[in-house]
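Tertiary structure, described
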Amino acid sequence: MGAERGDGARTGLGRFAQWLKSGRGPKEAGADEDRESLLLAAAAAGLPLAPAAYPSDYRCSCNRIGCPTPGRHPVSFAWQTQSTTDRAQIERWARHQPEANFITATGMVHDVLDVPIEAGREALERLLSMGIDVGPVAESGGDRMLFFTATRGTPEDEDEWWPCELDCHPETMDEHPGLRWHCRGSYVLVPPARLPADRSVDWLRGPEHPLPDPLTLLETLTDACARHAGAEPDYTSAW
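These lines cover the structure that appears in this document, whether it is placed above or below. Everything quoted here is computed from the prediction, not taken from an experiment. (Residues numbered from 1 in each chain as written. Predicted model: local features only at pLDDT ≥ 70, side-chain atom pairs only at ≥ 80, totals over all residues. Heavy atoms only, no water.)

The next point concerns the nonpolar core. Generally speaking, a soluble globular protein has its nonpolar side chains buried in company with each other. If you look at the biggest cluster of nonpolar residues, it comprises 20 residues, and the most contacted ones within it are Leu-124, Val-134, Val-137, Met-145, Phe-147 and Leu-221. Mapped onto this core, the elements with two or more residues apiece are β5 (110-116), α5 (117-129), β7 (144-150) and α6 (215-229). At six residues, the largest contribution of residues to this core is made by α5. (Core = buried A, V, L, I, M, F, W, Y, C linked by side-chain atoms within 4.5 Å. Buried < 20%, exposed > 50% of the residue type's maximum accessible area, 1.4 Å probe, protein only. Helix = DSSP H or I, 4+ residues; strand = E, 2+ residues; numbered from the N terminus.)

In structure tokens form, the structure reads like this:
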């Protein structure tokens, strides 16, 4: 998408910029597509999935009193080993749990760069204008944007990398308002997902887009986050 040049590419980019500025993204997967098809498309792209909670009568389906992340957390404590791309298993989950959201475990095949939505919109428009292959992108809950990338994997020197749990857990997102790099030990909701107060998680660019190297997006995302936070960029904060 981003690599194509010429008048056609510029025209398409102009429409995309208008969508971003309007606060509504183009749902490439299509609003008419059913939940199961969208989940299977994500799995076919290599995103390992596992069932998650969902909103229920202004509460979380887990029935935990005061659940801190209603509709956002996995159902099972074994979500890391449970996560799969197996089509038959995902079909069973989707049909037997018709209201469930799904998470995708990061750090196996893919990572996710998770940023405030205004910074994400700015960065996405800039990346596309530079002809960079961005990959799948989702809006989450109306306040965050998720950039799906290839995972960095396990470097030869383990001291150079860390699991997400040493930084913060997904349920502590409110305490980390800037850029969050979901890698090993973390997860995000995968579209389509429902959240309390009629919010949702939806694709802006679907999983049919190849996963890019995270380092091709990092500087632009960090710059955008810094501008929206009113601070100078700190490129070491996401490592």
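All right, on to the packing of aromatic side chains then. All told, the structure shown has three aromatic pairs when counted by the stated rule. Residues Trp-79 and Tyr-187 carry aromatic rings whose centres are separated by 4.9 Å and whose planes lie at 75 degrees to one another, so their mutual orientation is edge-to-face. Of this pair, Trp-79 sits in helix α3 (residues 79-82) while Tyr-187 sits in strand β9 (residues 187-189), and the two are 108 residues apart along the sequence. The exposure class of Trp-79 is buried, given its relative accessible area of 10%. (Phe/Tyr/Trp six-rings, centres within 6.5 Å; stacked < 30°, edge-to-face > 60°.)

Right, let's get into the side chain of Thr-106. Within the secondary structure layout, Thr-106 lies in the loop between β4 (101-105) and β5. A relative accessible area of 3% means that Thr-106 is categorised as buried. Setting aside residues no more than four positions away along its own chain, Thr-106 makes contact with Asp-111, Val-112, His-182, Cys-183, Arg-184, Gly-185, Ser-186 and Tyr-187. (Contact = heavy atoms within 4.5 Å.)

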